[in-house]
Amino acid sequence: MNKTLLAMTLASMVAATLVRAQLVNGDLGITGFSSAQFVVLHANGTSTVYPTTNFGGTSHAILYDPTNPGSFLIGGTGFLGRVTVAGASAFYVPTTNAIGTVAQMTFAGSELIVCDSGNDQMVRVHPVTGVVTPITSGVQPWGVDLNASCLDPFTGDIYAGGLNGIWRIPSGSSTPIAFASGWTAGSSIALAAAISASPC
């Protein structure tokens, strides 16, 4: 069950080269519960709305793909796909519909780590083939409240968040371990997660 309350998800875009006129270093890809458009907020303060073909569901998450300049991965209720900016327009190509709800995603090498809040599980998705591989399965400590995740790029550990708690899934494991909790029951929920990429 998806309990995401955010109306907008931001994905920072760091482009190595200025391949598309509309995408430059510092631009943000924005999605806000849409089924057929996304927005690029440019570093100069302007923005561009890009209509696309229908995603097949309502969008919840967006991620820039540094290996494919000019494109974002976008996911939501029942879908994950790629939107590519081409000149003044953009086009959408589906990757997979075999997913509940993409609440948050991040790269782990050539694959995506996806927080599937529709099925309340963590999964891996290949961004080209669309193959979905479970990381967790069965009953989980977060119950029906999985909403956020991030990857520690140095350890490979995955952090998953939901109602009143955050759990760590050690690299190579499928078992969540309690990491943080203790908030007032029913009043706090992790909607997004991020981790510092700078080594200590």
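About the cut-offs
Residues numbered from 1 in each chain as written. Predicted model: local features only at pLDDT ≥ 70, side-chain atom pairs only at ≥ 80, totals over all residues. Heavy atoms only, no water. Pairing = 2+ DSSP bridges. Helix = DSSP H or I, 4+ residues; strand = E, 2+ residues; numbered from the N terminus. Axes fitted to C-alpha atoms, helices over the stretch in contact; angles between N-to-C directions. Buried < 20%, exposed > 50% of the residue type's maximum accessible area, 1.4 Å probe, protein only. Contact = heavy atoms within 4.5 Å. Core = buried A, V, L, I, M, F, W, Y, C linked by side-chain atoms within 4.5 Å. Phe/Tyr/Trp six-rings, centres within 6.5 Å; stacked < 30°, edge-to-face > 60°.

Student: Quick question: what am I supposed to make of the sheet that holds strand 5 (residues 59–64) here?
Tutor: Consider a sheet: its strands pair through backbone hydrogen bonds, and that pairing is either parallel or antiparallel. Sheet architecture is open: four strands sit in the order 5-6-7-8, paired in antiparallel fashion. On the outer flanks of this sheet lie strand 5 and strand 8 (89–96), each paired with one strand and no other. Strand-to-strand twist of the sheet, defined as the mean angle between neighbouring strand axes without regard to direction, takes the value 25°. For strand 5 and strand 6 (residues 71–76), the ladder comprises five bridges, and the chain directions are antiparallel. The residue of strand 6 that forms the bridge with Ala61 is Gly75.

Student: Sorry if this is basic, but what is going on with the environment of Leu146 here?
Tutor: The residue Leu146 is located in the loop between strand 12 (132–134) and strand 13 (148–151) in this model. Take Leu146: its relative accessible area is 0%, and that puts it in the buried class. In the structure, Leu146 is positioned 43 residues away from Ala103 in sequence and 8.7 Å away in space, judged by C-alpha atoms. Apart from the residues within four sequence positions on either side, Leu146 is in contact with Cys115, Asp116, Ser117, Asp120, Gln121, Met122, Ala160 and Gly161.

Student: What is the right way to read the nonpolar core from this model?
Tutor: Counting residues in each nonpolar core, the largest one holds 14 residues, and the members touching the most others are Phe38, Phe72, Ile74 and Val83. Per-element tally for this core: the top contributor is strand 7 (residues 79–86), with three residues. When sequence neighbours within four positions are dropped, the list of residues in contact with Ile74 reads Thr31, Phe38, Phe55, Ser59, Ala61, Ile62, Phe79, Leu80, Gly81, Val83, Tyr92 and Met105. Residues Cys115, Met122, Ile135 and Trp167 belong to the second largest nonpolar core, which totals twelve residues.

Student: Can you walk me through the environment of Thr52 in this structure?
Tutor: Mapped onto the elements of the fold, Thr52 is located in the loop between strand 4 (47–51) and strand 5. Each C-alpha atom, one on Thr52 and one on Ala90, is 6.2 Å from the other, the two residues being 38 residues apart in sequence. Setting aside anything within four residues of it in sequence, one finds Thr52 in contact with Ala36, Gln37, Phe38, Val83, Ala90 and Tyr92.

Student: Sorry if this is basic, but what is going on with the packing of aromatic side chains here?
Tutor: Enumeration over the complete set of coordinates arrives at eight aromatic pairs. Residues Tyr64 and Phe72 carry aromatic rings whose centres are separated by 5.7 Å and whose planes lie at 65° to one another, so their mutual orientation is edge-to-face. A single burial state applies to Tyr64 and to Phe72, both of which are buried. Ring centres of Phe79 and Tyr92 lie 6.2 Å apart, and the angle between their planes is 85°; on these two criteria the pair is classed as edge-to-face. Placement of Phe79 in strand 7 and of Tyr92 in strand 8 is noted, with a sequence separation of 13 residues between them. This pair shows no difference in class: Phe79 is buried, exactly as Tyr92 is. The structure contains a cluster of three or more aromatic residues connected by ring pairs, namely Phe38, Tyr50, Tyr64 and Phe72.

Student: How do you make sense of the sheet that holds strand 13 when you look at a structure like this?
Tutor: An order of 13-14-15-16 is seen for the four strands of this open sheet, with the pairing classed as antiparallel. Where the open sheet ends on each side, the last strands, each with one partner, are strand 13 and strand 16 (177–181). Across this sheet, the average inter-strand angle for adjacent strands is 20°, counted without regard to direction. Bridge count between strand 14 (residues 158–162) and strand 15 (residues 165–169): five bridges; the pairing is antiparallel. Across the sheet, residue Tyr159 finds its bridge partner in strand 15, namely Arg168.

Student: It is not clear to me how the pairing of strand 3 (residues 37–41) should be interpreted in this structure. Could you clarify?
Tutor: The two faces of the sheet receive side chains in turn, since in a regular strand these alternate between them. Of the strand pairs in this sheet, strand 2 (residues 28–31) and strand 3 are connected by three bridges, and their pairing is antiparallel. Each bridged residue has a counterpart across the sheet, and for Leu28 the counterpart in strand 3 is Leu41. Counting the residues in the hairpin turn of strand 2 and strand 3 gives five residues, including Phe33, whose phi is positive at 55°. Looking at chain direction, strand 3 and strand 4 are connected through five bridges and run antiparallel. By the bridge assignment, Gln37 is partnered in strand 4 with Pro51. The hairpin turn running from strand 3 into strand 4, its antiparallel successor, is five residues long, and Gly45 in that turn takes a positive phi close to 95°.

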